[in-house]
Amino acid sequence: MPNQVMLGSENIDFMIHGVFSYQFFGHTVWITTTHICLLIVMILIIAFAAAAGQAMKKATEVPGAFQNAVELIVEMLDKMVKAVMGKNAAKFANYIGSVFIFILICNLSGLMGLRPPTADYGVTLPLGLMTFTMIHYNKFKHKKLKGVVRELCDPWPFWAPINLISYVAVPVSLSLRLFANVLSGVVIMALVYGLLSFIAIGWPAILHVYFDIFSGAIQTYVFCMLTMTYVTDAIGES
Amino acid sequence: MEFNENFILGCSAIGAGLAVIAGIGPGIGQGIAAGHAAAAVGRNPGAKSDITTTMLLGQAVAETTGLYGLVIALLLLFVKPLLP
């Protein structure tokens, strides 16, 4: 039966598609467009990193254009981490910087005609879970078991289940925020290109500027900012 | 009791419409944030860049609840979890 709810919407396409499938221990596993886009993004980032490493190996006193750009990026990321984490910045600057660049390039890949990999919950949930692991690893490392138990039973001991729920809510809300923001951009762009394809010439660039560049950059910043805030909070004053 | 597939799809569409009403909350919240940021810039124009950054961060976090509604609406429309 044809889907009557979405009648006249054959051109709208923002779903993830399977490219090919293979058998893995009896399960059918699909390689989807998300994997392909992630691969392209990864190749871009690795190529840039390799070029930056080569440029830094023969760094000069007066930097050239490329070396200048690389130094600018690193300094900007370091400053961002330093502003939130203070004296713990040195330990986390690498991770936060890598995640920042990865999410930013993922969100901007909509400009290259790819489906942004971050519009797949399978990409953003692991990012949220990594933050979750970092928070609790650092909590146990710095506050010890006693401090963690005391924090769990914060106002009163019977409050513990509610605190547990709030711990679990952190990765869920972090990942859903990033996912839904990028997905909303993807859906609106798909609607514009699908339904208005005969007049969609030139002017959708304005929408790309908002949904891909502005929204993508803001969400990247928010993700990294919240990760840093949570981890700083977990480390505490000690 | 048995329901026709079209009935379930229609109800899913109504549910999706109701779910995006969640957009009202973030709209009010972001408006309040922007209004207070404008007042703050008026009082202290020197801190404009700091205020803008804080405002955008707060607005992006406030947006989350609206996006939950959007996710539910999209699930109802495209994943169709209620169909047998």
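Use the structure listed above.
Residues numbered from 1 in each chain as written. Chains lettered and ligands numbered in written order. Predicted model: local features only at pLDDT ≥ 70, side-chain atom pairs only at ≥ 80, totals over all residues. Heavy atoms only, no water.

## Notes on the overall build of chain A
Moving on, step 1. Secondary structure assignment for chain A yields six helices and two strands.
Moving on, step 2. Counting from the amino terminus, chain A carries its helices and strands in the arrangement β-β-α-α-α-α-α-α.
Moving on, step 3. Counting only C-alpha atoms and orienting by the principal axes, one finds that chain A spans roughly 60 × 60 × 40 Å.
Moving on, step 4. In chain A, the share of contacts with a sequence separation of at least 24, taken over all contacts with a separation of at least 6, comes to 63%.
Moving on, step 5. Surface accessibility of chain A: about 13800 Å² in total, with carbon and sulfur atoms responsible for 72%. (Helix = DSSP H or I, 4+ residues; strand = E, 2+ residues; numbered from the N terminus. Contact = heavy atoms within 4.5 Å. Areas by Shrake-Rupley, 256 points an atom, 1.4 Å probe, with all protein chains shown as cover.)

## Description of a nonpolar patch on the surface
All names here are of chain A.
Moving on, step 1. Residues Val-19, Phe-20, Tyr-22, Phe-24, Phe-25, Ile-36, Ile-40, Leu-44, Leu-111, Met-112, Val-209 and Ile-213 make up a contiguous nonpolar surface patch of roughly 1100 Å² in combined accessible area.
Moving on, step 2. Counting only elements with at least two residues in the nonpolar patch, the list comes to strand E1 (18–24), helix H1 (33–57) and helix H6 (204–235).
Moving on, step 3. Tallying contributions element by element places E1 first for the nonpolar patch, with four residues.
Moving on, step 4. Inspection of the secondary structure puts Tyr-22 in strand E1.
Moving on, step 5. The exposure class assigned to Tyr-22 is partly exposed, which follows from its relative accessible area of 35%. (Patch = residues over 30% accessible without salt bridge, like charges linked within 9 Å, V, L, I, M, F, W, Y side chains within 5 Å. Salt bridge = Lys/Arg side-chain N within 4 Å of Asp/Glu carboxyl O. Buried < 20%, exposed > 50% of the residue type's maximum accessible area, 1.4 Å probe, protein only.)

## Re the state of the cysteines
Moving on, step 1. Counted by the stated rule, this structure contains zero disulfides over all chains.
Moving on, step 2. There is no disulfide at A:Cys37, and the cysteine sulfur nearest it, in A:Cys106, is 9.1 Å away. (Disulfide = S-S within 2.5 Å.)

## Some words on helix H5 (residues 160–195) of chain A
Moving on, step 1. Between the first and last C-alpha of H5(A) there are 51 Å, a value that for 36 residues agrees with the 52 Å anticipated at 1.5 Å per step.
Moving on, step 2. Taking the largest bend as the criterion, H5(A) deviates by roughly 30°, centred on A:Ala169, and proline A:Pro171 comes between one and four positions later. (Expected span 1.5 Å × (residues − 1). Bend = angle between axes of the 7 residues up to and from the residue.)

## Focus on the nonpolar core
Moving on, step 1. Grouped together as the largest cluster of nonpolar side chains are 42 residues, with contacts concentrated most on A:Val81, A:Met85, A:Phe92, A:Ile96, A:Phe223, A:Met228 and A:Val231.
Moving on, step 2. Going through the elements one at a time, helix H2 (65–85), helix H3 (89–108), helix H4 (121–152), H5 and H6 of chain A together with helix H4 (64–79) of chain B are the ones with two or more residues in this core.
Moving on, step 3. Looking at this core, the element that brings in the most residues is H5(A), giving eleven residues.
Moving on, step 4. In this view, A:Val81 contacts A:Gly86, A:Ala89, A:Ala93, A:Ile96 and A:Met228; residues no more than four positions away in its chain are not counted. (Core = buried A, V, L, I, M, F, W, Y, C linked by side-chain atoms within 4.5 Å.)

## Focus on the packing of H3(A) against H6(A)
Residue and element names in this part refer to chain A.
Moving on, step 1. Between H3 and H6, the shortest axis-to-axis distance is 9 Å and the interhelical angle comes to 155°. It follows from the interaxial angle that H3 and H6 lie roughly antiparallel. In terms of crossing hand, the pair formed by H3 and H6 is right-handed. Where H3 abuts H6, its residues Phe-92, Ile-96, Val-99, Phe-100, Ile-103, Leu-104, Asn-107 and Leu-108 lie against Asp-212, Ile-213, Gly-216, Ala-217, Thr-220, Tyr-221, Phe-223, Cys-224, Thr-227, Met-228, Val-231 and Ile-235.
Moving on, step 2. The residue makeup of the contact of H3 with H6, split by class, is 15 nonpolar, four polar and one charged. (Axes fitted to C-alpha atoms, helices over the stretch in contact; angles between N-to-C directions. Parallel < 35°, antiparallel > 145°, perpendicular 65-115°, else oblique. Left-handed = near helix turned anticlockwise from the far one by under 90°. Nonpolar A, V, L, I, M, F, W, Y, C, P; charged D, E, K, R; others polar.)

## Digging into a positive patch on the surface
Moving on, step 1. A contiguous patch of positive charge, built from A:Lys87, A:Lys91, A:Lys141 and A:Lys144, is present on the exposed surface.
Moving on, step 2. Its place among the elements puts A:Lys91 in helix H3. (Lys, Arg positive; Asp, Glu negative; His and termini not counted. Charge placed at Lys NZ, Arg CZ, Asp CG, Glu CD.)

## Section: the side chain of B:Ser12
Moving on, step 1. Tracing the backbone through its elements, the reader meets B:Ser12 in helix H1 (residues 5–19).
Moving on, step 2. With residues up to four places along the chain from it excluded, the contact list for B:Ser12 reads B:Leu76 and B:Leu82.

## A closer look at the packing of aromatic side chains
Residues and elements named next belong to chain A.
Moving on, step 1. Summed over the entire model, instances satisfying the criterion amount to nine aromatic pairs over all chains.
Moving on, step 2. Judged by centre distance (5.0 Å) and plane angle (80°), the rings of Tyr-210 and Phe-211 are edge-to-face.
Moving on, step 3. According to the relative accessible area criterion, Phe-211 is buried, its value standing at 17%.
Moving on, step 4. Chaining the aromatic ring pairs together yields one cluster made of Trp-156, Phe-158 and Trp-159.
Moving on, step 5. Over the ring of Tyr-167 we find Lys-139, and its NZ or CZ is 4.0 Å from the ring centre. (Phe/Tyr/Trp six-rings, centres within 6.5 Å; stacked < 30°, edge-to-face > 60°. Lys NZ or Arg CZ within 6 Å of the ring centre and 35° of its normal.)

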